[in-house]
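# Results of the structural survey
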Amino acid sequence: MPTAAVNDTLPYRYPVVAPWEKSRIDDAQLTAADSAAYSAPYVSYTQGIEPTPRSERIANDSGVLVLLTATLLLVAFNFKHCYRLFKVLGQELVSVRRRNNVFDDTTTNETRVLIVLLLQLWVCEGLIGYTWLTREGYLIGGAQLLSVGMMVGVAMLFFIFQLMAYRVVGYVFTDHVGAVQWVKGYDASQAFLGITLLVPALVTLFYPMWLTPMLWLAFGLYVLARILFIIKGFRIFYENFGSLFYFILYLCALEITPVVLFVLGSMELSRYFPNPAF
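Note that the coordinates shown come from a computational prediction; the quantities given were computed from them, not determined experimentally.

In total, this model carries one salt bridge according to the counting rule given. Of the charged contacts, one joins Glu-255 and Arg-226 as a salt bridge, the two residues approaching to 3.2 Å between their closest N and O atoms. Of this pair, Glu-255 sits in helix H10 (residues 243-269) while Arg-226 sits in helix H9 (residues 211-237), placing them 29 residues apart in sequence. Both residues of the pair, Glu-255 and Arg-226, count as buried.

Right, dumping it as structure tokens:
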């Protein structure tokens, strides 16, 4: 058998024996030159790159994408009723008129669209909350759909809690008309918030490098929606200078404390999410 020829002018040495014939040669029959030829280094680019595991991203989870797509389809299928609803919601967000027009009654279709917009709000808040908890280290990978679903449920419970609290406070401190106007203003502010939160939610989903500015944008939109709602509440409840004391108590009890408890509760609840970071 011919031995492998070595050319000292080349940076590497190549075995003469074909690779498919290498397994047929008994190691005991190889000479020192043959062994040196087989153990000669190969060109680096022929050896490839060590594989690394793909990083887990929420945008790669098919369940989360199905949830988001279903929500957007619900909004799209009911979009033909949105034009008049937006006009009604705009009036309910700022108006404190005691007597409505004859044509201001909300129809069944508009009620359905309002529920769809609120569902979009909860999904967007769930996605943003999940990405924030992941960035802060409270969540790592795992069943992302289940974790996002739990965050959506938390957002929905938070909305229902505040809605019931506003109903109770409205009927205690004002009449029926003022209470209904206040609650409708809350629904309108949250519906518009759900529409505006769609942009930061999608950006955080597909462009995680923009997570920090999108979180600040979502926080700013939430604060803006709350300010508009608080202004309407002030116009409904303000009677004299002494009523400011009760209004400040309302701000602390229903606008500040629940938000703080919601954030702390989400951080604590994340311990029970799949694959927590603790």
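On to the nonpolar core. If you look at the biggest cluster of nonpolar residues, it comprises 57 residues, and the most contacted ones within it are Leu-127, Leu-197 and Tyr-250. Elements represented by at least two residues in this core include exactly helix H3 (62-77), helix H4 (82-94), helix H5 (108-135), helix H6 (144-173), helix H7 (176-196), helix H8 (198-206), H9 and H10. The leading source of residues in this core is H5, at 13 residues. Once residues within four sequence positions are removed from consideration, Leu-127 is found in contact with Ile-58, Val-64, Leu-68, Val-148 and Ala-201.

Time to look at a nonpolar patch on the surface. A cluster of nonpolar side chains, namely Val-168, Val-172, Phe-173, Phe-245, Tyr-246 and Leu-249, defines an oily patch on the protein surface of about 650 Å² accessible area. Every element with two or more residues in the nonpolar patch is listed here: H6 and H10. Relative to the helices and strands, Val-168 is located in helix H6.

Rules used in this analysis
Residues numbered from 1 in each chain as written. Predicted model: local features only at pLDDT ≥ 70, side-chain atom pairs only at ≥ 80, totals over all residues. Heavy atoms only, no water. Salt bridge = Lys/Arg side-chain N within 4 Å of Asp/Glu carboxyl O. Helix = DSSP H or I, 4+ residues; strand = E, 2+ residues; numbered from the N terminus. Buried < 20%, exposed > 50% of the residue type's maximum accessible area, 1.4 Å probe, protein only. Core = buried A, V, L, I, M, F, W, Y, C linked by side-chain atoms within 4.5 Å. Contact = heavy atoms within 4.5 Å. Patch = residues over 30% accessible without salt bridge, like charges linked within 9 Å, V, L, I, M, F, W, Y side chains within 5 Å. Areas by Shrake-Rupley, 256 points an atom, 1.4 Å probe, with all protein chains shown as cover.

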